[in-house]
Each structure stands twice: as C-alpha cells, then as structure tokens.
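Listed below are the residues making up each chain.
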Amino acid sequence: MALLDVSGVTLRYKTSSAVVTATERVSFTVDKSDRFVLLGPSGCGKSTLLKAVGGYMSPSEGRMTIGDREIHGPGADRMMIFQEFDQLLPWKSVLANVMFPLLTARKLSRKDAEAKARAYIEKVGLTRVVDAYPHTLSGGMKQRVAIARGMAMEPDILLMDEPFAALDALTRRTCQDELLQLWSETKFTVLFVTHSIAEAIRIGNRILLLSPHPGRVKAEVVDVDKVSNEDGGAGRLEKEIHDLLFAGEATAH
Ligand SMILES: Nc1ncnc2c1ncn2[C@@H]1O[C@H](COP(=O)(O)OP(=O)(O)OP(=O)(O)O)[C@@H](O)[C@H]1O
Ligand SMILES: [Mg+2]
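Just so we're clear, the structure is a prediction, and the values are computed from it rather than from any experiment.

**Brief notes about the sheet that holds strand β8 (residues 190-194)**
Taken together, 6 strands build an open sheet; the order of strands is β6-β7-β8-β3-β9-β10 and the sheet is mixed. Only two strands of the sheet have a single neighbouring strand rather than two, namely β6 (78-81) and β10 (217-221). Each adjacent strand pair in this sheet contributes to an overall mean axis angle of 15 degrees, direction not counted.

Encoded structure:
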C-alpha cells in the first residue's frame, strides 16, 4: 500500500468575486522512501497541492489518505518546509526553534527533545550555531535549520515547497547535496515541489509533471535515479521532461 494516496483531487480557492480552480483531478501515490517531485510551471497549483496534503486546505473533489488515515487537517505525521527564510521564530535560538515542535507535540520530555534537536542540528552541520538567533544566519543556514526542525519530528512525510529556490546557485547545489546525503542515511519520504527541471532530476526518484493552470497530471517520470546515472542520462531526461511539459501529450517515460 502506498504511504500517501492523492486521488482525483480538485482544489479551488473561493474569493468574494471568483472561484479559482488550482488543480483538477490530480492523482498520484507516494511510497515510503520516495523522493517524489511535483514539477510544473508557475501557477499550476504545486503549492496548493502541498498545502492540501499538509491538511491546510480541503479538496472540492477527491480524497487524500496517509497510511490508512484520511487527511482532514494538519498533523505531526506531515511536516512542511517552505521557501521563505522567515519560517523560523526570530526570538528563539536555533536549538529552541528545532525543539519547539517537539515540545508542542508533547511526546518527549524537555531533555529528550533537546537531545533529539541537537542530533538533527548536527546532521545539517549547524552545531556551531546552535545558540545563535535566526537573524545572524545566512539564507542557506536558515533553510538547514528549517530542515532539521522538520526532520526532528520524524514525520511520515516531509513536504518541501521550493525550499532552495531563494538561495544563490552554489548554496542551492550544496543544500541539494546535503538533502540527498541525509536521505541516504535515513531514507525518509519527501514530497518536493519545484519548477526547475534540473532540480527535479537531481532530487527526485519519481517526478510528476503538471500542466499549466489549472494543474492536471501530464505524465509521471519513474526510474529517475537509474536514467540519470547513465552516461548523459540527466541531460537526456531534462530534454525529455522539457518536451513533455511544453510540447503536449506524449506518453510517460
Ligand atoms: N489564496 C489564494 N486565493 C486565490 N487564488 C489563489 C490563492 N493561492 C493561489 N491561488 C491561485 O491558485 C493557482 C495555483 O497557485 P499555486 O500557488 O499553488 O501555484 P504554484 O504552482 O505553487 O506556483 P509557483 O511556482 O509560482 O509557486 C494560481 O492560479 C493562483 O493564482
Ligand atoms: Mg508555489
């Protein structure tokens, strides 16, 4: 059984003057330890889909389940990481930021929460700034703290909405490498949103391609790891995905 099952999900925003359909009948499943990427142009509903999986928005049509539970609201089994650098609490240190959800969930004592937080801060290489405050950190460091905070909760799935998009190219690359390194250690499950084809190929083992507004599933690319490890494979895949996204209705890889 899949870990996450998104089935025929239509998501709409109702404003006072209009109804905007963000995604239309989107279906996909994510298995445990997948690095599953949602890829599509701006406005195709990627963030909206992630919000819905996070439990912050209800589908107008379709359903979503995680394990055997239907998603009806936010939960500690799904942790969200955003693009914005201001997602940390500015008045709390790095350590206190990472401990915060652990304490709020009331599953651990303060001592155990601190030990767990320190372990994840070390995993993202930030032990030396454990007592620093967010405004003294670089963008890349802030994103690492957000990742440590999400991972420390050991959720069933990590939801990442373009977490590296606001970073400079070099830092972005380093953060991608670090995420993959962390994944190879613990094989967590991640649902990762991006509009960069290159990033999708680097991060994902499976990539779901969405059409422009409203987002519908165009194709799913599987075996990304296998193809991108072949000689020239990443370049070939990039072209293939580009053609699938922009040239219409070819079949999936
Ligand atoms: N709060 C909102 N109220 C009304 N419409 C919204 C709201 N948020 C998003 N939308 C609309 O829903 C559609 C999908 O938006 P969404 O932010 O999910 O796209 P996206 O794929 O994440 O884009 P980007 O790559 O630019 O982040 C867009 O047409 C957008 O204008
Ligand atoms: Mg978005």
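**A word on the sheet that holds strand β1 (residues 4-14)**
Judged by pairing direction, the sheet is antiparallel, and its 4 strands sit side by side in the order β2-β1-β4-β5 without closing on themselves. With partners counted over all chains shown, the strands left at the sheet margins are β2 (19-30) and β5 (69-70), one partner each. Relative to strand β4 (residues 61-66), β1 runs antiparallel, the two sharing 5 bridges. Residue Asp5 lies in a different strand from β4, and its bridge partner there is Thr65. Set on the sheet, helix α1 (residues 46-54) makes contact with β1, β2 and β4; between it and β1 the angle comes to about 115 degrees.

**Overview of the packing of helix α2 (residues 94-104) against helix α3 (residues 110-123)**
Their axes nearest at 9 Å, the elements α2 and α3 cross at an angle of 125 degrees. The angle between α2 and α3 places the two elements in the oblique class. In this structure, α2 meets α3 at a crossing whose hand is right-handed. Contacts from Val94, Leu95, Val98, Met99, Leu102 and Leu103 in α2 reach Arg110, Ala113, Glu114, Lys116, Ala117, Arg118 and Ile121 in α3. Looking at side-chain class alone, the contact of α2 with α3 contains 9 nonpolar, no polar and 4 charged residues.

**Description of the domain arrangement of the chain**
As far as domains go, the chain holds domain 1 (1-77 + 155-253) and domain 2 (87-153). Computed over C-alpha atoms only, the centres of domain 1 and domain 2 are separated by 26 Å. Taken together, the contacts link 15 residues of domain 1 with 10 residues of domain 2. Both faces combined, the contact of domain 1 with domain 2 buries some 1,000 Å², and carbon together with sulfur accounts for 70% of it.

**Points about the site of ligand 1**
Every one of the 14 residues lining ligand 1 counts as a neighbour, but Ser42, Gly43, Lys46, Ser47 and Thr48 are closest to it. Here Lys46 contributes a side-chain N or O atom positioned 2.8 Å from an oxygen atom of ligand 1. One nitrogen or oxygen atom from the side chain of Ser47 is found 2.8 Å from an oxygen atom belonging to ligand 1. Considered on its own, ligand 1 offers 630 Å² of accessible surface; in the complex 64% of this is hidden by protein. When residues in the shell around ligand 1 are grouped by element, the largest group, 3 residues, is from α1. Split into classes, the residues belonging to the shell around ligand 1 amount to 4 nonpolar, 8 polar and 2 charged.

**Digging into the pattern of salt bridges**
Tallying each qualifying case throughout the model produces 18 salt bridges. Its salt-bridge partner being Glu114, residue Arg118 comes within 3.0 Å of it at the nearest N-O pair. Here Arg118 and its partner Glu114 are both found in helix α3, 4 residues apart, which amounts to about one turn of the helix. Accessibility expressed as a relative area gives 28% for Glu114, which makes it partly exposed. Arg206 is the partner of Glu220 in a salt bridge, and the nearest nitrogen-oxygen pair spans 2.8 Å. Of the two residues, Glu220 sits in strand β10 while Arg206 sits in strand β9 (residues 206-210), which places them 14 residues apart along the sequence. What makes Arg206 buried here is its relative accessible area of 12%. Residues joined in a network through salt bridges with shared partners are Asp31, Asp34, Arg206 and Glu220.

**Focus: the packing of aromatic side chains**
Applying the stated criterion across every chain, the model contains 2 aromatic pairs. Geometrically, the ring pair formed by Phe28 and Phe36 is stacked, given 5.1 Å between the ring centres and 20 degrees between the ring planes. The exposure class of Phe36 is buried, given its relative accessible area of 0%. Between Phe164 and Phe192 the ring centres are 6.1 Å apart and the planes differ by 50 degrees, which places this aromatic pair in the tilted class. One end of the pair, Phe164, is in the loop between β7 (157-161) and α5 (169-186); the other, Phe192, is in strand β8, with 28 residues separating them in the sequence. Side by side, Phe164 and Phe192 carry an identical accessibility label, which is buried. Over the face of the ring belonging to Tyr120 we find Lys123, whose NZ or CZ atom lies 5.6 Å from the ring centre.

How each quantity is defined
Residues numbered from 1 in each chain as written. Chains lettered and ligands numbered in written order. Predicted model: local features only at pLDDT ≥ 70, side-chain atom pairs only at ≥ 80, totals over all residues. Heavy atoms only, no water. Pairing = 2+ DSSP bridges. Helix = DSSP H or I, 4+ residues; strand = E, 2+ residues; numbered from the N terminus. Axes fitted to C-alpha atoms, helices over the stretch in contact; angles between N-to-C directions. Contact = heavy atoms within 4.5 Å. Parallel < 35°, antiparallel > 145°, perpendicular 65-115°, else oblique. Left-handed = near helix turned anticlockwise from the far one by under 90°. Nonpolar A, V, L, I, M, F, W, Y, C, P; charged D, E, K, R; others polar. Domains from an automatic or database assignment. Buried area = accessible area lost by both parts, 1.4 Å probe. Near = heavy atom within 4 Å. Polar contact = N/O pair within 3.5 Å; in protein donor to acceptor, adjacent residues only side chain to side chain. Areas by Shrake-Rupley, 256 points an atom, 1.4 Å probe, with all protein chains shown as cover. Salt bridge = Lys/Arg side-chain N within 4 Å of Asp/Glu carboxyl O. Buried < 20%, exposed > 50% of the residue type's maximum accessible area, 1.4 Å probe, protein only. Phe/Tyr/Trp six-rings, centres within 6.5 Å; stacked < 30°, edge-to-face > 60°. Lys NZ or Arg CZ within 6 Å of the ring centre and 35° of its normal.

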